[in-house]
Amino acid sequence: MKKLFYIVTTASFIFITAHVYPNKNFEMSTRSSLNDREYNTLGFIHLKKRKYILAEKYFKKAIKLNPYKKYYYNNLSVVYIKLGKYKKAYRYLRKAIFLDKSYVKAISNIAIVCFYLGRYREAYSYYRKAKRVNKSYVSKRFKREKMKNKLNNLHKETNNQKYLDMKKYLDK
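As the structure is a computational prediction, the values presented were derived from the model and not from experiment.

Here we come to the overall build of the protein chain. Helix and strand counts for the protein chain stand at 10 helices and zero strands. The secondary structure elements of the protein chain, listed N-terminal to C-terminal, are α-α-α-α-α-α-α-α-α-α. Going through the 172 residues of the protein chain one by one, you find that 34% of them count as buried. Counting every atom, the protein chain has about 12000 Å² of accessible surface; 55% of that belongs to carbon and sulfur.

Right under this line is the structure:
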């Protein structure tokens, strides 16, 4: 009898709470945690909202549950790129490339990270590798004139020779 009373009162509480607070998410689920794909999806949602710390948290949880998905590492690296943590981004991109040597998104992202770290030869090497893997993706991602203009603007803003050096690589 006590068990029945407990079940009825618990079900009543959930029903009343869901109706009194309709904007809250009261999930009637038997499982207590999410799977790796759901954490990855939550990471993307927060990434699009520019809530990078939350996105980082969810991408890390996805990686912890399934460390063999290359795109989880790439997604986490995008968060670190947005936060300006290029060394961390580089580390996770290397892991993604280790899992799949022809993963063009990670290869092109690591080219960008290397550029921001001042490793121009390495950046150019990854750019060429990405171009060999998927030329159409790289053509869309790296518009040559757009990159040259960006490098010119960076050179004007900072008066730093490294941006002109990188522009020379694009002319090859």
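What follows deals with the packing of helix α6 (residues 104-116) against helix α7 (residues 120-133). The interhelical angle for the contact between α6 and α7, taken along N-to-C directions, is 160°, at an axis separation of 8 Å. In terms of orientation, α6 lies roughly antiparallel with respect to α7. Once α6 is placed against α7, the crossing between them reads as left-handed. Contact residues: Val104, Ile107, Ser108, Ile110, Ala111, Cys114 and Phe115 in α6; Tyr120, Glu122, Ala123, Tyr126, Tyr127, Lys129, Ala130 and Val133 in α7. Along the lines of polarity and charge, the residues of the contact of α6 with α7 split into 12 nonpolar, one polar and two charged.

So, on to the side chain of Asn75. Looking at the element boundaries, Asn75 is found in helix α4 (residues 70-83). Residues contacting Asn75, with those up to four places away along its chain left out, are Asn40, Phe44 and Phe59.

Below, the discussion takes up the nonpolar core. Ile110 and Tyr126 are the most contacted members of the largest nonpolar core, which totals 39 residues. Listed by contribution, the elements that provide at least two residues to this core are α2 (36-48), α3 (52-65), α4, α5 (86-99), α6 and α7. The element best represented in this core is α6, accounting for nine residues. Excluding residues that lie within four positions of it along the chain, Tyr126 makes contacts with Tyr90, Arg94, Ile97, Ile107, Ile110, Ala111 and Cys114.

Below, the discussion takes up α7. The terminal C-alpha atoms of α7, which comprises 14 residues, lie 20 Å apart, in line with the 20 Å expected from a rise of 1.5 Å per residue. Residues of α7 that are buried: Tyr120, Ala123, Tyr124, Tyr126, Tyr127 and Ala130. Here the buried residues of α7 occupy an arc of 165° about the axis, which is enough to place them on one side. The exposed residues of α7 that point more than 90 degrees off its buried face are Arg121 and Arg132.

Looking now at a nonpolar patch on the surface. Judged by side-chain polarity, Tyr68, Phe98 and Leu99 come together as a nonpolar surface patch covering roughly 400 Å² of accessible area. Among the structural elements, Phe98 can be located in helix α5. Taking the relative accessible area as the measure of exposure, Phe98 reaches 63% and is therefore exposed.

The rules behind these values
Here the residue index of a chain counts from 1 through its sequence in written order. The model is predicted, so local features are restricted to residues of pLDDT at least 70 and side-chain atom pairs to those at 80 or more, both for listing and for counting; the totals for chains, interfaces and linings are taken over all residues. Water and hydrogen atoms were dropped before computing side-chain values, which therefore reflect all heavy atoms in the structure. Strands here are runs of E lasting at least two residues and helices are runs of H or I lasting at least four, both read from the DSSP assignment and numbered beginning at the N terminus. For every residue, the accessible area (1.4 Å probe, protein chains only) is compared with the maximum for its type, and the residue is labelled buried under 20%, exposed over 50%, or partly exposed between those bounds. Residue-level accessible areas treat just the shown protein chains as cover; the underlying method is Shrake-Rupley with a 1.4 Å probe. Every angle, taken between N-to-C directions, lies between 0 and 180 degrees, and every axis is a line fitted to C-alpha atoms, over only the stretch in contact when it is a helix. Working rule for angles: under 35 degrees goes down as roughly parallel, over 145 as roughly antiparallel, 65 to 115 as roughly perpendicular, anything else as oblique. Left-handed describes a crossing whose near helix is turned anticlockwise from the far helix through less than a right angle; right-handed describes the clockwise counterpart. We call two residues contacting when some pair of their heavy atoms lies within 4.5 Å. Polarity classes work like this: nonpolar for Ala, Val, Leu, Ile, Met, Phe, Trp, Tyr, Cys and Pro, charged for Asp, Glu, Lys and Arg, and polar for all others, with Gly in that last group. Only buried residues count toward a nonpolar core. Its members are Ala, Val, Leu, Ile, Met, Phe, Trp, Tyr and Cys residues joined through side-chain atoms within 4.5 Å. Helix span, as expected, comes to 1.5 Å for every residue beyond the first. Starting at the helix axis, one direction is taken to each C-beta atom, and the arc is that of these directions. What goes into a patch is any residue over 30% in relative accessible area without a salt bridge, connected to like charges within 9 Å or, for nonpolar side chains (Val, Leu, Ile, Met, Phe, Trp, Tyr), within 5 Å. Should a side-chain nitrogen of Lys or Arg be within 4 Å of a carboxyl oxygen of Asp or Glu, the pair is scored as a salt bridge.

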